[in-house]
Amino acid sequence: MSDFSKDGYMNMELLRFTTAGSVDDGKSTLIGRLLYDSKQIFEDQLEAIEQRSQQRGFEHVDLSLLTDGLKAEREQGITIDVAYRYFATPKRKFIIADTPGHIQYTRNMVTGASTANVALILVDARKGVLEQTIRHSFIASLLQIPHLIICINKMDLVEYSEEAFNKVVEEFRHVSSKLDIKDVHFLPISALKGDNVVDKSQNMPWYQGATLMYLLENIHISSDENHIDCRFPVQYVIRPQQTEYHDYRGYAGRIVSGIYKPGDKVKILPSGESAVIKTVELFGENIEEAYAPMSVTMTLDRDVDISRGDMIVRENNAPNMEQEFDVMICWMNANKLQLGGKYAIRHTIKDARCVIKDIRYKIDINTLHRNENDKEIGMNDIARINIKTTVPLYFDSYRKNRYTGSVILIDEGTNETVAAGMIV
Amino acid sequence: MILYHLNHLRELEAEAIYVIREAASQFERPAMLFSGGKDSIVMTHLARKAFYPARIPFPLLHIDTGHNFPETITFRDKMVEEIGARLEVRYVQDSIDKGRAREEKGPNASRNVLQTITLLDALEELKIDAAMGGARRDEEKARAKERFFSHRDEFGQWDPKNQRPELWMLLNGRKHIGEHFRVFPLSNWTEMDVWMYIQLENIPIPEIYFTHERDVVDRDGMLLAYSEYITLKETEKVEKKIVRFRTIGDMTCTGAVESPASSLSEIIDEIAASRTTERGTRQDDKRSETAMEDRKKAGYF
């Protein structure tokens, strides 16, 4: 943290990225390397992993130990759950959602991907594009992560060969042509030796591109938010029981997308009533223009009946209001999906119930093949289904809006979250 | 479009306010745990912002070990009065008197672990179904795996291997009778974020975070504040030092750091230059490699 500057800190952007990888591809080493080379590791943390590396009889300090969490994970040497890590450079603060890459942890990858701006995918330069590479890329495209960075790792083991690198790039381009990926970068690295992670490699003069850290610090993320479609789900109605605020009605929530300002004509869903925004405020301070992902409180020019779960939108730009629609789901529970079964559904901050009307197809996430005959949807499966909800939801397609286009399904008996859904 | 981009502190603020409003909406009897430390002070500030101009619509709950720094209690009472919040206090001493908890023995005795008993009893007595806490994922490796909405069974236990997946900002607070949730609005904050936010928002904090002269005991390299709750070992002696606290917990397990920092700005410079984590000043985490994970499974924060 030697370059720390207070003014700089106030202007930092937040970037969330996800890393998927399997046991041997060097993911934990890469994260350890990022933290270590950017001087984010503290003495007490380093001492702890030095001790444990010694106990295990390793010759060098195993940076991957930095990302170990739970007892069972340390015992088995794997990541079971999503672990969140934090580090900052003078430019950005980073949140890493570190997820296991094996097929049995697809649900964890989906969880980590749901809020990420960037996905890091590791490919072993010796092995090239494998099933798991396809799987990780597919999840990134399914979850609409705006930026993808393909780290071709272990370049030290292929003699830093440009040819080996180009071969993997070509393989990946071939496979990814079937996927919906907007922005992709390829990097030749060695996480173990540190080539092109934080410091530019001296071993690959043929590579003129950026290091991983440079990309993470400079990828353009400010246009990732949707500032066009105004969507404000009312989370909480503020009615102070104090005499000086007797007539105050504030509609509190987090702006999902779009820009709101005083004077805007708005429409309230589901009632369809119109109003004009009087103030957009937080803690008594007026905000001139509010945008995603701000949490604010709005007041309106007239008394309208609004309660939690309603949505404030612009008059000429309304979301879909329907009860029956298709959803791509990732199933996350040991109990299988029941065709015809009823589940609780949560969309923005609204709760409803739904019935599973149809299972359209299941996707083999290693080959991307659609299977219309396989209706057994179990843990980690990805499928397209059709559902009907008890009340209309106000939604956009997930492609258009990640936050009004997503739902979770909840088992009404166990209360567990059983599926993540993206509205088609 | 750079104009429409929040800086990271404001984004964390927005996220935390969203989580607090969700907890207030999804649960019948939420409460916010208040320890007098900087994280719970920041969380309380965010709760005020979330519901302003209304008052905070849930009580603050303090589990008092009886081994608090007196400055913390003075600060707490003043703050509660100023913001018009409701405060509930439950005492570890009462749990001990009732025979529900047994005091640890020896020079390293602490009431840190006993708090869990008093906390779980208080949640049951007050019928609290969601307890918000200021824990952060960057603090400790077991906390790195926490959810915003973290489920607890009817014994108050955490099952880290069977957590509900948490996607997008969709928070699932459904539960059976007798179960409750822990809610962590500051999950994505780091120590530096907390300090920078305190400065940004000009939030008052207890004076022991700033430099002062104090009687301390050097125990295994950790400077513990000398008080009637500390039993000296034979080789130990009480010394006067210029110190401040980086975290505030129990007097028996919170170490001081030698520091001349007398303002927020100086504290921030000191942390930026620091080469150890703040939990490095906590003896409660040093008991074993899995000290935090084990305590959390049993119902600790």
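About the cut-offs
Residues numbered from 1 in each chain as written. Chains lettered and ligands numbered in written order. Predicted model: local features only at pLDDT ≥ 70, side-chain atom pairs only at ≥ 80, totals over all residues. Heavy atoms only, no water. Helix = DSSP H or I, 4+ residues; strand = E, 2+ residues; numbered from the N terminus. Rg over C-alpha atoms; globule rule 2.2 N^0.38 Å. Buried < 20%, exposed > 50% of the residue type's maximum accessible area, 1.4 Å probe, protein only. Contact = heavy atoms within 4.5 Å. Areas by Shrake-Rupley, 256 points an atom, 1.4 Å probe, with all protein chains shown as cover. Phe/Tyr/Trp six-rings, centres within 6.5 Å; stacked < 30°, edge-to-face > 60°. Lys NZ or Arg CZ within 6 Å of the ring centre and 35° of its normal. Domains from an automatic or database assignment. Buried area = accessible area lost by both parts, 1.4 Å probe. Salt bridge = Lys/Arg side-chain N within 4 Å of Asp/Glu carboxyl O. Polar contact = N/O pair within 3.5 Å; in protein donor to acceptor, adjacent residues only side chain to side chain. Pairing = 2+ DSSP bridges. Axes fitted to C-alpha atoms, helices over the stretch in contact; angles between N-to-C directions.

Engineer: Any chance you could explain the overall build of chain A here in plain terms?
Structural biologist: A tally of helices and strands in chain A yields eight helices and 23 strands. By the compact-globule yardstick of 22 Å for 424 residues, chain A fits well, its C-alpha radius of gyration being 24 Å. Projected onto its principal axes, the C-alpha coordinates of chain A cover approximately 70 × 60 × 40 Å. Buried positions account for 62% of the 424 residues belonging to chain A. Counting only contacts in chain A whose residues sit at least 6 apart along the sequence, the fraction spanning at least 24 positions is 71%. Accessible surface, chain A: about 17500 Å² in total, of which carbon and sulfur atoms supply 45%.

Engineer: So what exactly am I meant to see when it comes to the packing of aromatic side chains here?
Structural biologist: Ring pairs (aromatic) are described by centroid distance and by the angle formed between their planes. Tallied over the entire structure, the rule returns 21 aromatic pairs over all chains. On the basis of an interplanar angle of 20° and a centroid distance of 4.7 Å, the ring pair of Phe87(A) and Phe94(A) is categorised as stacked. A residue is classified by how much of its surface remains accessible, and Phe87(A), at 3% relative accessible area, is buried. Aromatic pair Phe51(B) and Phe58(B): ring centres 5.9 Å apart, planes at 85°, arrangement edge-to-face. By the burial criterion, Phe51(B) is buried, and Phe58(B) matches it. Positioned over the ring face of Tyr18(B) is Arg254(A), at 6.0 Å from the centre of the ring. Positioned above the aromatic ring of Tyr84(A), the side-chain terminus of Arg137(B) is 4.0 Å from the ring centre.

Engineer: Hey, could you run me through the domain arrangement of chain B in this one?
Structural biologist: Frequently, the measure chosen for interface size is the accessible area that the parts lose on association. Residue and element names in this part refer to chain B. Partitioning chain B into structural domains gives domain 1 (2-194 + 290-298) and domain 2 (208-286). Each of domain 1 and domain 2 was reduced to a C-alpha centroid, and the two centroids are 24 Å apart. Listed as interface residues are 26 residues of domain 1 and, on the opposing side, 27 residues of domain 2. Between domain 1 and domain 2 the total buried area reaches about 2100 Å² when both faces are included, carbon and sulfur atoms providing 52% of it. The largest per-residue losses of area from domain 1 upon contact with domain 2 belong to His67, Phe69 and Glu191, which jointly make up 31% of the total buried on that side. In this structure, the connection of domain 1 to domain 2 is made through two salt bridges. With a shortest N-O distance of 3.0 Å, Arg246 and Glu191 are connected by a salt bridge. Connecting domain 1 to domain 2 are five residue pairs in polar contact (both at pLDDT 80 or more).

Engineer: I would appreciate a short explanation of the interface of chain B and chain A in the present structure.
Structural biologist: Listed by partner, the interface residues are 77 residues for chain B and 86 residues for chain A. Of the roughly 7400 Å² buried where chain B meets chain A, counting both sides, 59% is carbon and sulfur surface. Taken together, chain B and chain A are joined by five salt bridges. Of the charged contacts in the structure, one is a salt bridge between Asp193(B) and Lys93(A), with a shortest N-O distance of 2.3 Å. If you look at where chain B meets chain A, you find 31 residue pairs in polar contact (both at pLDDT 80 or more).

Engineer: What exactly am I supposed to notice about the sheet that holds strand E6 (residues 180-183) of chain B here?
Structural biologist: The strands making up a sheet associate through backbone hydrogen bonding, with each pair oriented either parallel or antiparallel. All names here are of chain B. Taking strand neighbours across the sheet as the criterion, the six strands line up as E3-E2-E1-E4-E6-E5 in an open arrangement whose pairing is mixed. The strands lining the two open edges of the sheet, one partner per strand, are strand E3 (87-91) and strand E5 (149-152). Between one strand and the next, the sheet's axes are offset by a mean angle of 30°, whatever the strand orientation. Pairing geometry for strand E2 (residues 60-64) and E3, over five bridges, is parallel. Paired with His62 across the bridge in E3 is Val89.

Engineer: Got a minute to help me understand helix H2 (residues 27-37) of chain A in this structure?
Structural biologist: Note: α-helices contain 3.6 residues per turn, so residues at a spacing of three or four share the same orientation. Residue and element names in this part refer to chain A. In terms of residue burial, H2 counts as a mostly covered element, since 10 of its 11 residues are buried. Of the residues making up H2, those classed as buried are Lys27, Ser28, Thr29, Leu30, Ile31, Gly32, Arg33, Leu34, Leu35 and Asp37. Immediately beyond the C-terminal end of H2, within one or two residues, lies Lys39, with a positive phi of roughly 55°.

Engineer: Just checking my understanding: could you explain the sheet that holds strand E9 (residues 238-245) of chain B for this structure?
Structural biologist: All names here are of chain B. Spatial ordering of the closed barrel is given by E7-E8-E10-E9, a layout of four strands whose pairing is antiparallel. Neighbouring strand axes in the sheet, compared pairwise and without regard to direction, differ in orientation by 70° on average. One ladder, built from six bridges, connects strand E7 (residues 212-219) with E9; its direction is antiparallel. Across the sheet, residue Arg214 finds its bridge partner in E9, namely Lys241.

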